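Here are the chains, one letter per residue:
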Amino acid sequence: MKLAVLGASGHGKVVADTAQACGWKQIDFFDDAWPTRQQNGHWQITGGLAQLLPRLDDYDGVFVAIGNNRIRYGKLTELESAGAKIVSLIHPQAVISQYASIGIGTLVLAGVVVNVDTVIGRGVILNTGCSVDHDCVLHDGVHICPGARLAGGVEVGKLSWVGIGSCVRQSLRIGTGVVIGAGAAVVTDIADALTVVGVPARALLKT
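Nothing here was measured: the structure is a model prediction, and the numbers come from that model.

Reading the values: rules and limits
Counting restarts for each chain, with residues numbered from 1 along the sequence as it is written. This being a predicted model, a pLDDT of at least 70 is required before a residue's local features are given, and a value of 80 or more before pairs of side-chain atoms are given or counted; all residues contribute to the totals for chains, interfaces and linings. Remark: hydrogens and water are excluded; side-chain values derive from all non-hydrogen atoms of the structure. Should DSSP find at least two bridges between two strands, the strands are regarded as paired. Secondary structure elements follow DSSP: runs of H or I of four or more residues count as helices, runs of E of two or more count as strands, with numbering from the N terminus. Residue types Ala, Val, Leu, Ile, Met, Phe, Trp, Tyr and Cys, when buried and joined through side-chain atoms within 4.5 Å, form a set referred to as a nonpolar core. To sort residues, take the accessible area from a 1.4 Å probe on protein chains only and compare it with the maximum for the residue type: under 20% means buried, over 50% means exposed, and anything in between is partly exposed. In this description, contact between two residues means that some pair of their heavy atoms is separated by no more than 4.5 Å.

Time to look at the sheet that holds strand β22 (residues 185-186). Across the sheet, which stays open at both edges, the six strands sit in the order β7-β10-β13-β16-β19-β22 with parallel pairing between neighbours. Two strands bound the open sheet, and with one partner strand each, they are β7 (95-96) and β22. Strand direction decides the pairing type here: strand β10 (residues 113-114) and strand β13 (residues 131-132), joined by two bridges, are parallel. Among the inter-strand pairings, Val-113 is bridged to a residue of β13, identified as Ser-131.

Another point: the nonpolar core. By size, the foremost hydrophobic cluster in this structure holds 29 residues, and its most contacted members are Leu-126, Leu-138, Ile-144, Leu-150, Ile-174 and Ile-180. When sequence neighbours within four positions are dropped, the list of residues in contact with Leu-138 reads Val-119, Ile-120, Gly-121, Val-124, Leu-126, Val-132, Ile-144, Leu-150 and Val-156. In terms of nonpolar packing, the next biggest core, distinct from the first, is built from 18 residues, Ala-8, Trp-24, Ile-45 and Leu-109 among them.

Judged by how many residues are buried, strand β2 (residues 26-30) sits mostly within the fold: four of five residues are covered. Looking at chain direction, β2 and strand β4 (residues 43-47) are connected through two bridges and run parallel. The residue of β4 that forms the bridge with Phe-29 is Ile-45.

This is the structure:
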């Protein structure tokens, strides 16, 4: 079982560690910093994206390990169009309802809880110890940061970022391209493309 990981960063290390916990035996990193960088922690960097594309058939799976939502989702789409076998990675210490749906290219880390009838899109990051309650909908390219909490029935729009330790009240809609700051408490709907911070969360004024 050979996995190619695009993106050799600290986040990439977490992806590789999770992949090993999931049973992947060989993990090769690809990053455009190669050949200047040839190692990412315990794992070798064997090329950049240009070197990966002609070798897609050599791998049983491909995963994009890039923290930036827009870049991650763009690379996932590019690789999928090129015929890559995009996989999801779900840590064995995550708790996922049998009635939840997880899209391809999604990362679910240790300590995550996803409850019944939640739908998770493509290329999503559910980071360490976050929880997503019943009937939530997370659109493509979302990142739920470590320790964040979504109550039931929350919808999070495409490419939105829910910051570390933040909380979202039940039945709210978070728009597309939203950034929720660390530790924020979201108690109202959030329109597209806003950055909100604080308790209760309020939009930052644009300058």
